[in-house]
Amino acid sequence: MSRPRTTPGPVPSAPRNAPDTPRSAPRDTSTATPDAAPAATPDAAPEVSPDAPREARGGRARDNAPWTAFGGDLHLDLTERRAAGAGLRAALEDALREAVQDGRLAPGTRLPSSRALGEDLGIARNTVVEAYGQLTAEGWLGSRPGSGTTVAERAAPRPAGRPATVRADRRPTGRHDLLAGRPDLSLFPRSAWLASARRALAVAPHDAFDYGSPLGRIELRQALSDYLARVRGVRTDPDRLLVCAGFGQGLGLLAAALRGRGAGRIAVEGYGLPPQREVLRAAGLGLAPLPLDCNGARTDLLDDLGGAGGTAERLGAVLLTPAHQFPSGAALAADRRAAAVRWARERDGYVIEDDYDGEFRYDRQPLGAMQALDPDRVVYGGTAAKSLAPGLRLAWLALPDELVEPVARLKALADTMSPVTDQLTFAELITSGRYDRHVRRCRLHYRRRRDLLVAALAERAPQVRVTGIAAGLHAVLQLPPGSRPEAELLERARAAGLVLTGLDWYRAGPDAERALDLPAAPDARPHAAPGTSPDTSPDEPDEPDDAPDAPPALVVGYATPSDHAFPAALDALCGILRES
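Here the structure is a predicted model, which is why all the values come from computation and not from measurement.

Moving on to the side chain of S225. Looking at the element boundaries, S225 is found in helix α7 (residues 218–231). Residue S225 is classed as buried on the basis of its relative accessible area, which comes to 8%. In terms of polar contacts, S225 uses its side chain to reach the backbone carbonyl oxygen of T236, at 3.4 Å. Ignoring any residue separated from it by four or fewer positions in sequence, one finds S225 in contact with T236, D237, P238 and L241.

Quick look at the nonpolar core now. Within the largest apolar cluster, 34 residues are counted, with the highest numbers of intra-cluster contacts made by Y446, L457, L477, L500, L573 and L577. Elements with a minimum of two residues in this core: α13 (434–460), β16 (474–478), α14 (486–495), β19 (553–557) and α16 (566–578). Here the element with the most residues in this core is α16; it accounts for eight residues. When sequence neighbours within four positions are dropped, the list of residues in contact with Y446 reads P183, D184, L187, F360, Y362, K386, L473, Y558 and A559. Membership of the second largest hydrophobic core comes to 28 residues, among which are I266, I352, L397 and A508.

Topologically, R217 is positioned in the loop between α6 (190–203) and α7. You can call R217 buried: its relative accessible area is 14%. Not counting the four nearest positions on each side in its chain, R217 is found in contact with P205, D207, A208, V420, Q423 and L424.

Glancing now at the sheet that holds strand β15 (residues 465–467). The strand order across the open sheet formed by four strands is β15-β16-β19-β18, and the pairing between neighbours is antiparallel. With partners counted over all chains shown, the strands left at the sheet margins are β15 and β18 (501–502), one partner each. Of the pairings in the sheet, the one linking β18 to β19 comprises two bridges and is antiparallel in character. Counted as the bridge partner of T501 is V555 from β19.

What follows covers the pattern of salt bridges. Within this structure, the stated rule accounts for 31 salt bridges. Residue E313 is joined to R265 by a salt bridge in which the shortest nitrogen-to-oxygen separation is 3.8 Å. Taken together, the positions of E313 in the loop between β10 (296–297) and β11 (315–320) and R265 in strand β7 (residues 265–269) put the pair 48 residues apart, joining distant regions of the chain. Judged by its relative accessible area of 38%, E313 falls in the partly exposed class. On the accessibility criterion, R265 (17% relative accessible area) is buried. One salt bridge connects D415 with K411, and the closest N-O pair in it is separated by 3.0 Å. Of the two residues, D415 and K411 are both situated in helix α11 (residues 401–415); the distance of four residues between them amounts to about one turn of the helix.

Strand order in the open sheet formed by seven strands is β6-β14-β13-β12-β11-β7-β8, with mixed pairing between adjacent strands. What marks the edges here is a single partner per strand, and that holds for β6 (241–244) and β8 (286–290). Between one strand axis and the next, the sheet turns through 20° on average, direction left out of account. Of the pairings in the sheet, the one linking β7 to β8 comprises five bridges and is parallel in character. In the strand pairing of β8, E269 is matched with L290. Where α7 meets the sheet, its contacts fall on β6, β13 (378–383) and β14 (395–398), and the angle it forms with β6 comes to roughly 115°.

Attention now moves to helix α9 (residues 274–282). Where α9 is concerned, the buried positions are P274, Q276, R277 and L280. The buried residues of α9 all sit within an arc of 155° when viewed along its axis, so they share a single face. Check the buried side of α9 and you find it contacts α8 (247–260), β7, β8, β11 and β12 (350–354). After α9 finishes, the residue G284 shows a positive phi value of roughly 90°.

Moving on to the packing of helix α12 (residues 420–431) against α13. Any two packed helices are characterised by how steeply their axes cross, that is the angle between the axes, and by the distance between the axes. Running from amino to carboxyl end, α12 crosses α13 at an angle of 80°, the nearest separation of the two axes being 4 Å. Taken together, the axis directions place α12 and α13 in an arrangement best described as roughly perpendicular. Of the residues in α13, those in contact with F426, E428, L429 and I430 of α12 are R434, Y435 and D436. When its residues are assigned to classes, the contact of α12 with α13 shows four nonpolar, no polar and three charged.

The rules behind each value
- Residues numbered from 1 in each chain as written.
- Predicted model: local features only at pLDDT ≥ 70, side-chain atom pairs only at ≥ 80, totals over all residues.
- Heavy atoms only, no water.
- Helix = DSSP H or I, 4+ residues; strand = E, 2+ residues; numbered from the N terminus.
- Buried < 20%, exposed > 50% of the residue type's maximum accessible area, 1.4 Å probe, protein only.
- Polar contact = N/O pair within 3.5 Å; in protein donor to acceptor, adjacent residues only side chain to side chain.
- Contact = heavy atoms within 4.5 Å.
- Core = buried A, V, L, I, M, F, W, Y, C linked by side-chain atoms within 4.5 Å.
- Pairing = 2+ DSSP bridges.
- Salt bridge = Lys/Arg side-chain N within 4 Å of Asp/Glu carboxyl O.
- Axes fitted to C-alpha atoms, helices over the stretch in contact; angles between N-to-C directions.
- Arc of directions from axis to C-beta.
- Parallel < 35°, antiparallel > 145°, perpendicular 65-115°, else oblique.
- Nonpolar A, V, L, I, M, F, W, Y, C, P; charged D, E, K, R; others polar.

Following this line, the structure appears as structure tokens:
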């Protein structure tokens, strides 16, 4: 007969219904008061001194660990309070009370059981029970049998001297959103995007999710290179494409790179997007507005803005929207495209082409990208903000060879690289053909919207002239002379729940109005403002202008409202214009 084992081994558990098995203790509901001691149970260690070593109290050795988990992490640091001489219970009470006061524990938050909290913090369970009981008596916590302990509902006082919050979206709000610059977000291709994401993630190599090139994922750069060549006539390759978080970021990177190359100023169109001008100023570049007319920006005047002085005066680039001038809607004439490229070659400058809505053409053949005239002097910028959604923050730059390295270096310093999963998904969306189908669908949708706007104005506000409608997602409404001032019209629009802008908001400073010269034209005359001759020297003092004020003009975006809301928005708009 073999001898019995004498080495320690696992103790077999007693059968569930064995007569000598003690009944399990009631579940701890953390409702004990400070004077109520918990009942002794077989599964709880006897109460020992809180100062005893952790091993003497059983459980994991995590001496006063500051993190507790109850579905999420809660930071309760007792170290400083203990060092100041507070007992464990007082330190725990203070830490919990402070977490409730400063809002880290919101009303209704369920706290861990006394056993779990004691285990995580490395303190006795009874200490937690007593702390819970004291805070419940003070009204900080609440408890109900079977529901555990939660943070009590109470009015949280606003901290004194709290700084003003920054609005996440600076766009004004109203019942009818007719602001230019945003697409119909209900058209976002959710099913196609999801299918592309699944496919892209399934075939992506493991290293795709590591730190990568600041230029962006090669899959997207290759897809964009092919797509832009086919659709916009852009001449580039994947090694000269950079993916960025929106065109605004790309413009900021370019501005910083140009500043590093000695540029002091940049030419901009006399009317354009104010946030872009803010980006350029933030990079340290001065602005030189170019006059506009029905053929786009007066690029033939770039030589006059060249700046013969030092670095601060050097004109390093010109920012243009050649396919569809924003907001006037004019297309840059062929001779002016050639003039801009010639200026860039002769002055060692660059043309920055913002092709913000190049996919949407209605009444004319699509205009090819200006970049094809000279890929070494024209930076092409594109974006998915209008074709997909601005929230994706997907844009790209086709860079000349000399700018690839400095712009990529600045991109790496800014955020290392753009998010990978959206790049992979967008690449798959393009290569699968889903993106082309989506763009065609959007083009038809926006053309119908534009036609409804034009028809409504022709019938109910025939005195208003609609321009800039051959492409894009917005129109310019010119009112006749003698109409109410632009500011008054906008105030009446706000009262009617309309959100839109006047043309003057887009003006690039006081100098732009003097330079603006828009003669009558069938499709692009957003503002007949008086101005001096382009040959007038900027150094000459301003002469008194006795000409009447220019008639007002409104910039109306027709893409944003949903289909069911668009008729009401048109009604409100026509009502304002009838009373103008």
